Amino acid sequence: MKTEIKAITPDSIREAKNIIEKGGVVAIPTETVYGLGGNAFDDSAVAKIFEVKGRPSDNPLIAHVHKDYDLSQIVDYEPDYAKKLRQAYPTGPLTLVYPSKNKVSPRVSCGLDTLAVRVPSHDGAQAFLRAVGIPIVAPSANISKHVSPTSAKHVLDDFDGKIPLILDGGECVGGIESTVCDCTGDVPVILRAGLITREDIANIVGDCKVYEPTFAKGEKVKSPGLLYKHYSPRCQTRLFTAEELETAVLLYQSETKAGKKVAILCEDKWSSLFQTLGAPLFNLGKEQSEMAMKLYKLLREAEEKCELLIAIEPTEKTGIMVGVLNRLQKACVSEDIKRD
Ligand code: TXA
Ligand code: MG
(Lines give C-alpha, C1' and ligand atoms only; values in the text may rest on other atoms or scores of the structure.)
(Ligands and ions follow the chains in the order given, each with its own letter.)
Protein backbone atom coordinates (compact mmCIF):
# COMPACT_ATOMS: atom_id res chain seq x y z
CA MET A 1 0.00 0.00 0.00
CA LYS A 2 1.26 3.46 -0.81
CA THR A 3 1.07 5.95 2.04
CA GLU A 4 0.30 9.50 0.99
CA ILE A 5 0.81 12.67 3.01
CA LYS A 6 -1.68 15.37 2.08
CA ALA A 7 -2.18 18.88 3.42
CA ILE A 8 -5.60 19.44 4.90
CA THR A 9 -7.96 20.70 2.19
CA PRO A 10 -11.63 19.97 1.43
CA ASP A 11 -10.40 17.34 -1.06
CA SER A 12 -8.09 15.50 1.32
CA ILE A 13 -10.76 15.59 4.03
CA ARG A 14 -13.23 14.05 1.58
CA GLU A 15 -10.69 11.34 0.78
CA ALA A 16 -10.09 10.67 4.48
CA LYS A 17 -13.83 10.46 5.08
CA ASN A 18 -14.14 7.89 2.28
CA ILE A 19 -11.43 5.73 3.79
CA ILE A 20 -13.06 5.91 7.25
CA GLU A 21 -16.48 5.02 5.82
CA LYS A 22 -14.97 1.94 4.17
CA GLY A 23 -13.55 0.80 7.51
CA GLY A 24 -9.99 2.02 6.95
CA VAL A 25 -7.64 4.04 9.15
CA VAL A 26 -6.22 7.51 8.51
CA ALA A 27 -3.62 9.49 10.45
CA ILE A 28 -4.84 12.88 11.63
CA PRO A 29 -3.14 15.83 13.31
CA THR A 30 -4.22 17.13 16.70
CA GLU A 31 -2.75 19.88 18.85
CA THR A 32 -1.04 17.29 21.09
CA VAL A 33 0.31 14.47 18.84
CA TYR A 34 -0.87 12.81 15.61
CA GLY A 35 -3.53 10.12 15.94
CA LEU A 36 -4.35 6.97 14.00
CA GLY A 37 -8.08 7.32 13.41
CA GLY A 38 -10.91 4.90 12.65
CA ASN A 39 -14.70 4.65 13.03
CA ALA A 40 -15.53 4.04 16.71
CA PHE A 41 -18.65 2.07 15.77
CA ASP A 42 -16.85 -0.30 13.42
CA ASP A 43 -15.39 -3.41 15.13
CA SER A 44 -13.05 -4.24 12.29
CA ALA A 45 -11.73 -0.66 11.95
CA VAL A 46 -10.98 -0.64 15.67
CA ALA A 47 -9.31 -4.05 15.41
CA LYS A 48 -7.21 -2.73 12.53
CA ILE A 49 -5.92 0.14 14.66
CA PHE A 50 -4.76 -2.28 17.38
CA GLU A 51 -3.17 -4.50 14.77
CA VAL A 52 -1.32 -1.87 12.78
CA LYS A 53 0.04 -0.24 15.96
CA GLY A 54 0.89 -3.53 17.66
CA ARG A 55 -1.04 -2.19 20.65
CA PRO A 56 -1.71 -4.44 23.68
CA SER A 57 -5.33 -5.56 23.46
CA ASP A 58 -6.18 -4.33 26.96
CA ASN A 59 -5.28 -0.68 26.37
CA PRO A 60 -8.44 1.31 25.52
CA LEU A 61 -8.76 4.05 22.91
CA ILE A 62 -9.97 7.65 23.06
CA ALA A 63 -12.97 8.69 20.96
CA HIS A 64 -12.50 12.07 19.27
CA VAL A 65 -15.49 14.24 18.37
CA HIS A 66 -16.07 17.72 16.95
CA LYS A 67 -17.06 20.48 19.31
CA ASP A 68 -20.81 20.42 18.62
CA TYR A 69 -21.15 16.64 18.81
CA ASP A 70 -23.98 15.48 21.07
CA LEU A 71 -22.16 13.62 23.82
CA SER A 72 -25.30 11.83 25.01
CA GLN A 73 -25.02 9.63 21.92
CA ILE A 74 -21.94 7.93 23.32
CA VAL A 75 -21.90 8.39 27.10
CA ASP A 76 -24.40 7.27 29.75
CA TYR A 77 -23.96 9.99 32.30
CA GLU A 78 -22.09 13.27 32.75
CA PRO A 79 -21.44 14.53 36.28
CA ASP A 80 -21.77 18.29 36.91
CA TYR A 81 -18.03 18.73 37.35
CA ALA A 82 -17.42 17.21 33.91
CA LYS A 83 -19.89 19.70 32.41
CA LYS A 84 -17.92 22.50 34.06
CA LEU A 85 -14.69 21.12 32.63
CA ARG A 86 -16.21 20.97 29.17
CA GLN A 87 -17.37 24.58 29.50
CA ALA A 88 -13.89 25.66 30.54
CA TYR A 89 -12.26 23.58 27.79
CA PRO A 90 -14.74 23.17 24.92
CA THR A 91 -11.75 21.95 22.92
CA GLY A 92 -8.18 21.14 23.88
CA PRO A 93 -5.77 18.61 25.36
CA LEU A 94 -8.22 17.15 27.86
CA THR A 95 -9.75 13.66 27.66
CA LEU A 96 -12.66 12.88 29.97
CA VAL A 97 -13.57 9.30 30.87
CA TYR A 98 -17.33 8.77 31.26
CA PRO A 99 -19.58 5.85 32.22
CA SER A 100 -20.61 4.32 28.88
CA LYS A 101 -21.95 0.89 27.99
CA ASN A 102 -22.65 -0.57 24.55
CA LYS A 103 -22.48 2.74 22.72
CA VAL A 104 -19.45 2.22 20.48
CA SER A 105 -17.59 -0.91 19.43
CA PRO A 106 -16.83 -3.01 22.54
CA ARG A 107 -13.21 -3.17 21.38
CA VAL A 108 -12.72 0.57 21.96
CA SER A 109 -12.69 0.37 25.76
CA CYS A 110 -11.44 -3.22 25.96
CA GLY A 111 -14.36 -4.38 28.10
CA LEU A 112 -14.41 -1.42 30.51
CA ASP A 113 -17.82 0.22 31.19
CA THR A 114 -16.37 3.61 30.35
CA LEU A 115 -15.45 5.69 27.32
CA ALA A 116 -12.70 8.29 27.01
CA VAL A 117 -13.74 11.30 24.90
CA ARG A 118 -11.69 14.20 23.59
CA VAL A 119 -12.49 17.29 21.50
CA PRO A 120 -9.20 18.36 19.91
CA SER A 121 -8.66 22.07 19.26
CA HIS A 122 -6.59 21.63 16.09
CA ASP A 123 -8.51 23.28 13.21
CA GLY A 124 -7.70 20.47 10.79
CA ALA A 125 -8.85 17.83 13.29
CA GLN A 126 -12.08 19.75 13.86
CA ALA A 127 -12.70 20.04 10.11
CA PHE A 128 -12.12 16.30 9.64
CA LEU A 129 -14.30 15.31 12.64
CA ARG A 130 -17.10 17.58 11.48
CA ALA A 131 -16.94 16.10 7.97
CA VAL A 132 -17.15 12.49 9.20
CA GLY A 133 -19.71 13.37 11.90
CA ILE A 134 -19.01 10.21 13.93
CA PRO A 135 -16.66 9.56 16.85
CA ILE A 136 -13.20 8.65 15.65
CA VAL A 137 -11.04 6.53 17.91
CA ALA A 138 -7.42 7.58 17.62
CA PRO A 139 -4.46 6.41 19.63
CA SER A 140 -1.19 8.24 19.07
CA ALA A 141 0.03 7.37 15.56
CA ASN A 142 3.20 5.53 16.55
CA ILE A 143 4.11 1.87 16.60
CA SER A 144 3.36 0.68 20.14
CA LYS A 145 6.09 1.67 22.63
CA HIS A 146 7.78 4.02 20.16
CA VAL A 147 7.96 7.80 20.62
CA SER A 148 4.64 9.57 19.84
CA PRO A 149 4.56 11.53 16.56
CA THR A 150 4.41 15.32 16.42
CA SER A 151 4.67 15.67 12.63
CA ALA A 152 3.35 13.93 9.52
CA LYS A 153 6.90 12.77 8.81
CA HIS A 154 7.06 10.98 12.18
CA VAL A 155 3.86 9.11 11.28
CA LEU A 156 5.29 8.14 7.91
CA ASP A 157 8.47 6.84 9.58
CA ASP A 158 6.35 4.38 11.60
CA PHE A 159 3.58 3.51 9.13
CA ASP A 160 4.93 3.86 5.60
CA GLY A 161 3.15 1.26 3.46
CA LYS A 162 0.76 0.33 6.29
CA ILE A 163 -1.89 3.08 6.08
CA PRO A 164 -3.24 4.88 2.99
CA LEU A 165 -3.30 8.51 4.12
CA ILE A 166 -1.74 10.96 6.57
CA LEU A 167 -3.48 14.33 6.85
CA ASP A 168 -0.70 16.85 7.38
CA GLY A 169 -1.66 19.58 9.84
CA GLY A 170 1.87 20.80 10.56
CA GLU A 171 3.90 20.32 13.72
CA CYS A 172 1.90 19.71 16.88
CA VAL A 173 2.13 22.69 19.20
CA GLY A 174 1.29 20.81 22.42
CA GLY A 175 3.83 18.04 22.01
CA ILE A 176 2.65 15.59 24.69
CA GLU A 177 -0.64 13.69 24.81
CA SER A 178 -3.81 15.01 26.44
CA THR A 179 -4.51 14.87 30.15
CA VAL A 180 -6.75 11.84 30.77
CA CYS A 181 -9.22 12.51 33.59
CA ASP A 182 -11.61 9.97 35.05
CA CYS A 183 -15.13 11.41 35.51
CA THR A 184 -16.90 8.33 36.83
CA GLY A 185 -16.60 9.12 40.56
CA ASP A 186 -17.44 11.98 42.92
CA VAL A 187 -14.36 13.99 41.98
CA PRO A 188 -12.20 14.07 38.85
CA VAL A 189 -9.12 11.86 38.97
CA ILE A 190 -6.18 12.36 36.62
CA LEU A 191 -5.14 9.07 35.03
CA ARG A 192 -2.50 10.55 32.71
CA ALA A 193 -0.83 13.92 33.28
CA GLY A 194 -0.75 16.38 30.40
CA LEU A 195 -0.90 20.02 29.40
CA ILE A 196 -4.01 20.67 31.49
CA THR A 197 -2.78 20.24 35.03
CA ARG A 198 -4.28 19.02 38.28
CA GLU A 199 -4.24 22.64 39.48
CA ASP A 200 -6.11 23.80 36.34
CA ILE A 201 -8.84 21.22 36.96
CA ALA A 202 -9.04 21.85 40.72
CA ASN A 203 -9.39 25.60 40.06
CA ILE A 204 -12.45 24.94 37.92
CA VAL A 205 -14.22 22.24 39.91
CA GLY A 206 -12.80 22.64 43.41
CA ASP A 207 -11.02 19.30 43.69
CA CYS A 208 -8.97 16.93 41.58
CA LYS A 209 -7.11 13.79 42.58
CA VAL A 210 -4.28 12.00 40.85
CA TYR A 211 -4.48 8.26 40.32
CA GLU A 212 -1.45 6.40 41.57
CA PRO A 213 -1.54 2.71 40.74
CA THR A 214 0.40 0.44 43.06
CA PHE A 215 0.95 -2.14 40.29
CA ALA A 216 0.19 -4.84 42.87
CA LYS A 217 -1.01 -8.14 41.47
CA GLY A 218 -4.81 -8.22 41.36
CA GLU A 219 -5.22 -4.44 41.39
CA LYS A 220 -7.52 -3.44 38.55
CA VAL A 221 -5.48 -0.74 36.89
CA LYS A 222 -7.82 2.09 35.87
CA SER A 223 -5.85 3.15 32.84
CA PRO A 224 -4.08 0.11 31.42
CA GLY A 225 -1.75 2.34 29.38
CA LEU A 226 0.01 3.11 32.64
CA LEU A 227 1.51 -0.37 32.72
CA TYR A 228 3.58 -0.14 29.60
CA LYS A 229 6.96 1.07 28.52
CA HIS A 230 6.14 3.92 26.21
CA TYR A 231 7.38 6.84 24.18
CA SER A 232 10.76 5.19 23.80
CA PRO A 233 13.46 6.01 21.25
CA ARG A 234 15.22 3.11 19.50
CA CYS A 235 18.55 3.77 21.13
CA GLN A 236 19.73 2.95 24.62
CA THR A 237 18.74 5.52 27.21
CA ARG A 238 19.89 6.50 30.68
CA LEU A 239 18.08 9.05 32.79
CA PHE A 240 19.66 11.16 35.53
CA THR A 241 18.36 13.88 37.83
CA ALA A 242 20.09 17.26 37.94
CA GLU A 243 21.62 16.16 41.28
CA GLU A 244 23.30 13.28 39.44
CA LEU A 245 24.89 15.52 36.82
CA GLU A 246 28.43 14.46 37.71
CA THR A 247 27.59 10.77 37.27
CA ALA A 248 26.03 11.62 33.91
CA VAL A 249 29.20 13.43 32.81
CA LEU A 250 31.37 10.48 33.89
CA LEU A 251 29.14 8.07 31.98
CA TYR A 252 29.26 10.30 28.89
CA GLN A 253 33.06 10.35 29.06
CA SER A 254 33.55 6.64 29.65
CA GLU A 255 31.06 5.51 26.98
CA THR A 256 32.45 7.97 24.43
CA LYS A 257 35.96 6.71 25.18
CA ALA A 258 34.73 3.16 24.64
CA GLY A 259 33.69 4.17 21.12
CA LYS A 260 29.97 4.56 21.59
CA LYS A 261 28.01 7.35 19.89
CA VAL A 262 26.59 9.18 22.90
CA ALA A 263 24.35 12.26 22.98
CA ILE A 264 22.78 14.35 25.73
CA LEU A 265 19.19 15.49 26.14
CA CYS A 266 18.77 18.27 28.70
CA GLU A 267 17.20 21.61 29.41
CA ASP A 268 18.96 24.75 28.25
CA LYS A 269 20.56 25.45 31.61
CA TRP A 270 23.00 22.51 31.28
CA SER A 271 23.71 22.94 27.59
CA SER A 272 26.95 24.90 27.91
CA LEU A 273 28.36 22.35 30.37
CA PHE A 274 27.85 19.50 27.90
CA GLN A 275 28.95 21.61 24.93
CA THR A 276 32.33 22.21 26.58
CA LEU A 277 32.70 18.41 26.73
CA GLY A 278 31.98 18.32 23.00
CA ALA A 279 28.80 16.30 23.50
CA PRO A 280 26.17 16.18 20.74
CA LEU A 281 23.25 17.96 22.36
CA PHE A 282 19.47 17.81 22.16
CA ASN A 283 18.35 20.97 23.91
CA LEU A 284 14.83 20.98 25.38
CA GLY A 285 14.96 24.75 25.82
CA LYS A 286 13.92 26.94 28.73
CA GLU A 287 10.16 27.33 28.94
CA GLN A 288 7.90 24.53 30.17
CA SER A 289 5.64 24.56 27.10
CA GLU A 290 8.71 24.63 24.87
CA MET A 291 10.05 21.49 26.61
CA ALA A 292 6.70 19.72 26.11
CA MET A 293 6.62 20.69 22.45
CA LYS A 294 10.19 19.58 21.75
CA LEU A 295 10.44 16.37 23.79
CA TYR A 296 9.22 13.78 21.25
CA LYS A 297 10.80 15.54 18.28
CA LEU A 298 14.18 15.45 20.02
CA LEU A 299 13.79 11.81 21.14
CA ARG A 300 13.11 10.87 17.51
CA GLU A 301 16.12 12.88 16.29
CA ALA A 302 18.28 11.30 18.97
CA GLU A 303 17.49 7.72 17.97
CA GLU A 304 18.71 8.53 14.45
CA LYS A 305 21.99 9.97 15.63
CA CYS A 306 23.22 8.10 18.68
CA GLU A 307 23.51 4.67 20.27
CA LEU A 308 23.12 5.93 23.82
CA LEU A 309 21.08 8.93 24.90
CA ILE A 310 21.88 10.32 28.33
CA ALA A 311 18.90 12.39 29.48
CA ILE A 312 18.86 14.82 32.38
CA GLU A 313 15.51 15.41 34.07
CA PRO A 314 14.35 19.04 33.90
CA THR A 315 14.64 20.68 37.32
CA GLU A 316 11.12 22.16 37.35
CA LYS A 317 8.73 19.36 38.32
CA THR A 318 5.35 21.03 38.79
CA GLY A 319 2.55 22.10 36.44
CA ILE A 320 2.87 20.71 32.93
CA MET A 321 6.31 19.38 33.81
CA VAL A 322 4.54 16.54 35.68
CA GLY A 323 3.44 15.28 32.24
CA VAL A 324 6.76 16.00 30.53
CA LEU A 325 8.66 14.18 33.26
CA ASN A 326 6.28 11.23 33.18
CA ARG A 327 6.90 10.82 29.41
CA LEU A 328 10.66 11.17 29.78
CA GLN A 329 10.77 8.61 32.60
CA LYS A 330 8.70 6.10 30.62
CA ALA A 331 10.83 6.69 27.54
CA CYS A 332 13.86 5.70 29.57
CA VAL A 333 12.59 2.61 31.43
CA SER A 334 13.88 -0.58 29.94
CA GLU A 335 10.83 -2.84 30.28
CA ASP A 336 7.09 -2.92 30.95
CA ILE A 337 6.22 -2.85 34.64
CA LYS A 338 6.16 -6.38 36.02
CA ARG A 339 3.17 -7.13 38.21
CA ASP A 340 4.09 -9.38 41.09
O1 TXA B 1 -3.52 13.62 23.01
C2 TXA B 1 -3.99 12.48 22.96
O3 TXA B 1 -4.71 12.01 23.86
C4 TXA B 1 -3.67 11.63 21.73
C5 TXA B 1 -4.27 12.32 20.50
C6 TXA B 1 -4.13 11.52 19.24
O7 TXA B 1 -5.60 12.66 20.75
N8 TXA B 1 -4.14 10.29 21.87
C9 TXA B 1 -3.55 9.40 22.70
O10 TXA B 1 -4.11 8.13 22.63
O11 TXA B 1 -2.62 9.68 23.42
P12 TXA B 1 -3.39 6.85 23.26
O13 TXA B 1 -4.26 5.72 22.82
O14 TXA B 1 -1.98 6.82 22.85
O15 TXA B 1 -3.56 7.00 24.79
C16 TXA B 1 -4.85 6.85 25.39
C17 TXA B 1 -4.72 6.80 26.88
C18 TXA B 1 -4.13 5.48 27.35
O19 TXA B 1 -3.31 5.73 28.48
C20 TXA B 1 -5.38 4.68 27.75
O21 TXA B 1 -5.11 3.70 28.71
C22 TXA B 1 -6.29 5.80 28.28
O23 TXA B 1 -6.03 6.91 27.44
N24 TXA B 1 -7.71 5.44 28.15
C25 TXA B 1 -8.44 5.34 27.01
N26 TXA B 1 -9.70 4.95 27.29
C27 TXA B 1 -9.78 4.83 28.63
C28 TXA B 1 -10.82 4.44 29.52
N29 TXA B 1 -12.02 4.11 29.09
N30 TXA B 1 -10.53 4.41 30.84
C31 TXA B 1 -9.30 4.73 31.28
N32 TXA B 1 -8.27 5.10 30.49
C33 TXA B 1 -8.50 5.14 29.18
MG1 MG C 1 0.09 6.54 22.87
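See the structure printed just above.
Heads up: these notes are all about the structure in this document. Because the structure is predicted, anything quoted here is derived from the model rather than measured.

Helix and strand content of the protein chain: ten helices and 15 strands. A globule of 340 residues ought to have a C-alpha radius of gyration of about 20 Å, and the protein chain, at 20 Å, matches this closely. Counting across all 340 residues of the protein chain, residues that qualify as buried make up 55%. Taking the contacts inside the protein chain whose residues are at least 6 apart along the sequence as the reference set, 69% of them involve residues at least 24 apart. Accessible area for the protein chain stands at about 14900 Å²; split by element, carbon and sulfur atoms hold 50% of it. Across the protein chain, 43 positive and 46 negative side-chain charges occur, with their mean positions spaced 3 Å apart.

It is worth spelling out helix α2 (residues 43–53) at this point. Turning to α2, its buried residues number three or more, namely A45, V46, I49, F50, V52 and K53. Turning to α2, the residues buried within the fold contact β3 (35–39), β7 (136–137) and α5 (152–159). Where α2 begins, the side chain of D42 points an oxygen toward the backbone nitrogen of S44, at a separation of 3.0 Å. Downstream of α2 by a residue or two, G54 has a phi angle that is positive, lying close to 70°.

Looking at the element boundaries, I20 is found in helix α1 (residues 10–21). Along the sequence, I20 and N39 sit 19 residues apart, while their C-alpha atoms lie 6.1 Å from each other. Ignoring anything within four residues of it in the chain, the contact list for I20 reads V26, G37, G38, N39, F128, I134 and I136.

It is worth spelling out the packing of helix α3 (residues 80–88) against helix α6 (residues 198–205) at this point. Two elements in contact, α3 and α6, have axes separated by 9 Å at closest approach and are oriented at 115°. Relative to α6, α3 is oriented roughly perpendicular. Classified by chirality, the crossing of α6 by α3 is right-handed. Contact with α3, carried on its side by Y81, K84, L85 and A88, involves I201, I204 and V205 of α6 and no other residues of that element. A breakdown of the residues in the contact of α3 with α6 according to their chemical character gives six nonpolar, no polar and one charged.

Contact geometry for helix α9 (residues 288–305) and helix α10 (residues 321–332): axes closest at 9 Å, N-to-C directions at 20°. Between α9 and α10, the angle falls in the class roughly parallel. Note on packing geometry: the crossing formed by α9 with α10 is left-handed. Of the residues in α10, those in contact with Q288, M291, A292, L295, Y296 and L299 of α9 are M321, V324, R327, L328 and A331.

What follows covers the sheet that holds strand β6 (residues 114–118). An order of β1-β8-β2-β3-β7-β4-β6-β5-β9-β10-β11 is seen for the eleven strands of this open sheet, with the pairing classed as mixed. Among the strands making up the open sheet, the edge pair consists of β1 (4–7) and β11 (209–210). One ladder, built from three bridges, connects strand β4 (residues 62–64) with β6; its direction is parallel. Within β6, the residue paired with I62 across the bridge is A116.

The immediate surroundings of ligand 1 are formed by 28 residues, with T32, R55, N59, H64 and S178 found nearest. Measuring from a nitrogen atom of ligand 1, one finds a side-chain N or O atom of T114 at 3.0 Å. For ligand 1, an oxygen atom lies 3.0 Å from a polar atom in the side chain of R118. A total of 680 Å² of accessible area belongs to ligand 1 in isolation, and the protein chains cover 98% of it. Elements with a minimum of two residues in the shell around ligand 1: β4, β6 and β10 (189–192). With three residues, β6 is the largest single contributor of residues to the shell around ligand 1. The class makeup of the residues in the shell around ligand 1 is 13 nonpolar, ten polar and five charged.

Before going further, it helps to examine unusual backbone geometry. Although it is not a glycine, C110 sits at a positive phi angle of roughly 50°. What makes C110 partly exposed here is its relative accessible area of 26%. Non-glycine residue K145 carries a positive phi angle of around 80°. Mapping K145 onto the fold places it in the loop between β7 and α5.

Rules of the game
Residues numbered from 1 in each chain as written. Chains lettered and ligands numbered in written order. Predicted model: local features only at pLDDT ≥ 70, side-chain atom pairs only at ≥ 80, totals over all residues. Heavy atoms only, no water. Helix = DSSP H or I, 4+ residues; strand = E, 2+ residues; numbered from the N terminus. Rg over C-alpha atoms; globule rule 2.2 N^0.38 Å. Buried < 20%, exposed > 50% of the residue type's maximum accessible area, 1.4 Å probe, protein only. Contact = heavy atoms within 4.5 Å. Areas by Shrake-Rupley, 256 points an atom, 1.4 Å probe, with all protein chains shown as cover. Lys, Arg positive; Asp, Glu negative; His and termini not counted. Charge placed at Lys NZ, Arg CZ, Asp CG, Glu CD. Polar contact = N/O pair within 3.5 Å; in protein donor to acceptor, adjacent residues only side chain to side chain. Axes fitted to C-alpha atoms, helices over the stretch in contact; angles between N-to-C directions. Parallel < 35°, antiparallel > 145°, perpendicular 65-115°, else oblique. Left-handed = near helix turned anticlockwise from the far one by under 90°. Nonpolar A, V, L, I, M, F, W, Y, C, P; charged D, E, K, R; others polar. Pairing = 2+ DSSP bridges. Near = heavy atom within 4 Å.

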